[in-house]
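Residue-level structure breakdown
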Amino acid sequence: MMLNTKVGVPMDAGMLSNYFRTLINLFFKILPIWESGEGSLSVYMRSLQAELLGCKELIEAIHEDPLFLSLIAILQYLIDNPSCEVSTVKREVFRAISICNKLKARYAVPAEEVAQ
């Protein structure tokens, strides 16, 4: 299955599915950085958010997907609340991971298409 992009070049749905799998790791990485008090956390989260915003504009299928907007909003909350408790960060990171899994399933290539 091919997905339309803003630039008019179709993208294979498998690529988007792989991207959501990668996002899981990128969100999970927030936890150890937050727990260690690393100073680069804000830069990391803003960079991830910029990437998500770019992806949202590039791929037409997710442009208006409310789940994708939730990922961006979770990052914004964490960026805006740098002193929130680790338990809150864990909850939101795992919620983002759950959303990534849902998005991956939503845009995954059906098994019968892979077999062809």
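Residues numbered from 1 in each chain as written. Predicted model: local features only at pLDDT ≥ 70, side-chain atom pairs only at ≥ 80, totals over all residues. Heavy atoms only, no water.

**With respect to the overall build of the chain**
So the rule is basically this: Numbering of helices and strands starts at the N terminus; helices are DSSP runs of H or I of at least 4 residues and strands are runs of E of at least 2. Exposure is judged per residue with a 1.4 Å probe applied to protein chains only, and the accessible area is read against the type maximum: over 50% gives exposed, under 20% gives buried, and values in between give partly exposed. Whether two residues touch is decided by their heavy atoms; if any such pair falls within 4.5 Å, the residues are in contact. Accessibility throughout is a Shrake-Rupley quantity obtained with a 1.4 Å probe, and a residue counts as covered only by protein chains that appear here.
When helices and strands are tallied, the chain shows 6 helices and 2 strands. The secondary structure elements of the chain, listed N-terminal to C-terminal, are β-β-α-α-α-α-α-α. A burial count over the chain gives 40% of its 116 residues as buried. In the chain, once contacts between residues fewer than 6 apart in sequence are set aside, the share between residues at least 24 apart is 67%. Carbon and sulfur atoms make up 57% of the accessible area of the chain, which amounts to about 6,600 Å² in all.

**Observations regarding the packing of aromatic side chains**
As a reminder, the rule being used: Two rings from Phe, Tyr or Trp (for Trp, the six-membered ring) form a pair when their centres are within 6.5 Å of each other. A pair whose planes differ by under 30 degrees is stacked, one over 60 is edge-to-face, and the rest are tilted.
Under the criterion given, the structure shown has 4 aromatic pairs. Aromatic pair Phe 28 and Phe 94: ring centres 6.1 Å apart, planes at 65 degrees, arrangement edge-to-face. One end of the pair, Phe 28, is in helix H1 (residues 13-28); the other, Phe 94, is in helix H5 (residues 86-107), and 66 residues separate them in sequence. On the basis of relative accessibility, which here comes to 45%, the residue Phe 94 falls in the partly exposed class. In this structure an aromatic cluster arises from ring pairing among Tyr 19, Phe 20, Phe 68 and Tyr 107.

**Observations regarding the side chain of Lys 56**
As a reminder of what qualifies: Two N or O atoms form a polar contact when they lie within 3.5 Å of each other; inside protein one atom must be a possible hydrogen donor and the other a possible acceptor, and for residues adjacent in sequence the pair counts only when both atoms belong to side chains.
Tracing the backbone through its elements, the reader meets Lys 56 in helix H3 (residues 41-58). For Lys 56, the side chain forms a polar contact with the side chain of Glu 57, separated by 3.0 Å. When near neighbours in sequence (up to four residues on either side) are disregarded, Lys 56 contacts Ile 62, His 63, Phe 68 and Ile 72.

**Overview of the packing of helix H4 (residues 66-80) against H5**
Under the convention used in this document: Only C-alpha atoms enter the line fits that serve as axes; for helices the fit covers just the stretch in contact. Angles between N-to-C directions range over 0 to 180 degrees. When an angle is under 35 degrees it counts as roughly parallel; over 145 it counts as roughly antiparallel; between 65 and 115 it counts as roughly perpendicular; any other value is oblique. We call a crossing left-handed when the near helix sits turned anticlockwise from the far one by less than a right angle, and right-handed when that turn is clockwise. Classes in brief: Ala, Val, Leu, Ile, Met, Phe, Trp, Tyr, Cys and Pro nonpolar; Asp, Glu, Lys and Arg charged; the others, Gly included, polar.
Axis separation between H4 and H5 bottoms out at 9 Å; the angle between their running directions is 160 degrees. Compared by their axis directions, H4 and H5 come out roughly antiparallel. In this structure, the crossing between H4 and H5 has a hand that is left-handed. Residues Leu 67, Phe 68, Ser 70, Leu 71, Ile 74, Tyr 77 and Leu 78 of H4 pack against Thr 88, Val 89, Glu 92, Val 93, Arg 95, Ala 96, Ile 99, Cys 100, Lys 102, Leu 103 and Arg 106 of H5. Along the lines of polarity and charge, the residues of the contact of H4 with H5 split into 12 nonpolar, 2 polar and 4 charged.

**A closer look at a nonpolar patch on the surface**
The test is simple: Patch definition: residues with relative accessible area over 30% and no salt bridge; like charges joined within 9 Å; nonpolar side chains (Val, Leu, Ile, Met, Phe, Trp, Tyr) joined within 5 Å. The salt bridge criterion pairs a side-chain nitrogen of Lys or Arg with a carboxyl oxygen of Asp or Glu, the two atoms within 4 Å.
Together, Val 7, Val 9 and Leu 58 give the surface a local cluster of nonpolar side chains, amounting to about 260 Å² of exposed area. By the element assignment, Leu 58 lies in helix H3.

**With respect to H5**
For the record, the criterion: Multiplying 1.5 Å by the helix residue count minus one yields the expected span of that helix.
In this model, H5 (22 residues) spans 31 Å end to end at C-alpha, consistent with the 32 Å of a helix rising 1.5 Å per residue. For H5, the secondary structure elements touched by its buried residues are H1, helix H2 (30-36) and H4.

**Notes on the pattern of salt bridges**
Under the criterion given, the structure shown has 5 salt bridges. Close ionic contact of Lys 56 with Glu 57 constitutes a salt bridge, the shortest N to O distance being 3.0 Å. According to the relative accessible area criterion, Glu 57 is partly exposed, its value standing at 33%. Put simply, Glu 92 and Arg 95 hold a salt bridge, and the shortest N to O gap is 2.9 Å. In this pair, Glu 92 and Arg 95 are both assigned in helix H5, 3 residues apart and thus about one turn of the helix distant. One salt-bridge network, held together by shared partners, links Arg 91, Glu 92 and Arg 95.

Any functional reading would require information that these geometric values do not contain.
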